[in-house]
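Report on the structure
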Amino acid sequence: MGYRGAARDNGEVNSVAGVSSIEEIEARIAPLRERLTAHPLYAAMRTRDDLRRFMESHVYAVWDFMCLLKSLQQRLTCVDVLWTPTEFPASRRFINEIVLGEESDEFEGRPVSHFEVYLEAMQECGADTRAVAALVKSARGGELDLAGVPVAAARFVANTFEVIRKGSLAAQAAAFTFGREDVIPDMFRELVRELNRESSGELSKFVWYLERHIEVDGEDHGPLSLRMVSDLCGQDEGLWEEAAVAAEAAIEARLGLWDGILASL
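Residues numbered from 1 in each chain as written. Predicted model: local features only at pLDDT ≥ 70, side-chain atom pairs only at ≥ 80, totals over all residues. Heavy atoms only, no water.

**Regarding the layout of surface pockets**
In this structure, the second largest pocket encloses a volume near 600 Å³. Lining the second largest pocket are 19 residues, with W63, M66, C67, K70 and A139 positioned closest to its centre. For the lining of the second largest pocket, the elements supplying multiple residues, two or more each, are α3 (48-76), α5 (114-125), α6 (130-140), β4 (143-145) and α7 (151-166). With 6 residues, the single largest contributor to the lining of the second largest pocket is α3. (1 Å grid on protein atoms, 1.4 Å probe; cavity = no way out; pocket = protein on both sides within 12 Å on 5 of 7 lines; lining within 4 Å. Points joined across faces, edges and corners; volume = space filled by probe spheres on them. Helix = DSSP H or I, 4+ residues; strand = E, 2+ residues; numbered from the N terminus.)

Written out as structure tokens, the structure is:
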């Protein structure tokens, strides 16, 4: 896979006392999550134009989330024609269930990925999809080309692919689990609902995306992902530490993305 135009963030997250459970990871990342849910970006967005700018950067987090998911699927399941059972059967099942929902959910009576719904929502809102369409085109050719991507979004994607390329299974699972959309607060979703009412339903697909993603993260995918992290770390303190650092890095990267979007408003 080739990489062009990718801004990279080489900042390191300072490590603190080691962890050995999901609860300890959650306690360690709590301050970061509080910063994320209280980020000034949400209060700064007021208009449909603001929402368009948000979507034109946030869409890359939706796309690279799927890339991280497929990396986990490749490593946890067997996708070869000559099939063999893989290690971690519980996580094998978890990841296949998550893939089913993320890649082939049911929307308006048809199977569709959440990313494709997001693109439709962008078009419905009047957001520019040309840059993300170019990214998808490059991906079909086996290349990650971030040349036309907003700087903050390109940095976010580059961070995700850093853990895809170099992270352990536990680190990838933690980045996937703790850097999710359930951190988007109610105030932002209410803003989108209000703008949708004012525009006679022209944001209905984005409303569906937000509410559906929060629903499945809280009721289904979130619990499955937590169990996957625990399964992959087992009793290995080193893996638990890798998972904690990856979780911190994922949230730090999301904060950087939010900072970039805020600066563009």
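**Section: empty space enclosed by the protein**
Taken as a whole and judged by the stated rule, the model has 1 cavity of 30 Å³ or more. Roughly 30 Å³ of internal volume is contained in the largest cavity. Lining the largest cavity are V62, F65, M66, E102, H114, F115, Y209 and H213. Elements supplying a minimum of two residues to the lining of the largest cavity: α3, α5 and α10 (204-233). In terms of residues, the lining of the largest cavity owes the most to one element, α3, which gives 3 residues. Looking at the lining of the largest cavity residue by residue, the classes come out as 5 nonpolar, 2 polar and 1 charged. (Nonpolar A, V, L, I, M, F, W, Y, C, P; charged D, E, K, R; others polar.)

**Structural notes on the pattern of salt bridges**
Scanning all chains against the criterion turns up 18 salt bridges. In this structure, K166 engages E162 in a salt bridge whose closest nitrogen and oxygen atoms are separated by 3.1 Å. Pair noted here: K166 and E162 are both in helix α7, with a separation of 4 residues, about one helical turn. By sharing partners, the salt bridges in this structure join E190, R193, E194, R197 and E211 into a single network. (Salt bridge = Lys/Arg side-chain N within 4 Å of Asp/Glu carboxyl O.)

**Observations regarding the environment of L265**
Within the secondary structure, L265 sits in the segment after α11 (237-264). L265 sits in the partly exposed class, given a relative accessible area of 34%. (Buried < 20%, exposed > 50% of the residue type's maximum accessible area, 1.4 Å probe, protein only.)

**Side note on unusual backbone geometry**
Positive phi, normally seen in glycine, also occurs at E108, with a value near 55°. Structurally, E108 is set in the loop between β2 (105-107) and β3 (110-112). Judged by its relative accessible area of 56%, E108 falls in the exposed class. Phi at S200 is positive, roughly 55°, even though this residue is not glycine. Locating S200 in the fold gives a position in the loop between α9 (186-198) and α10.

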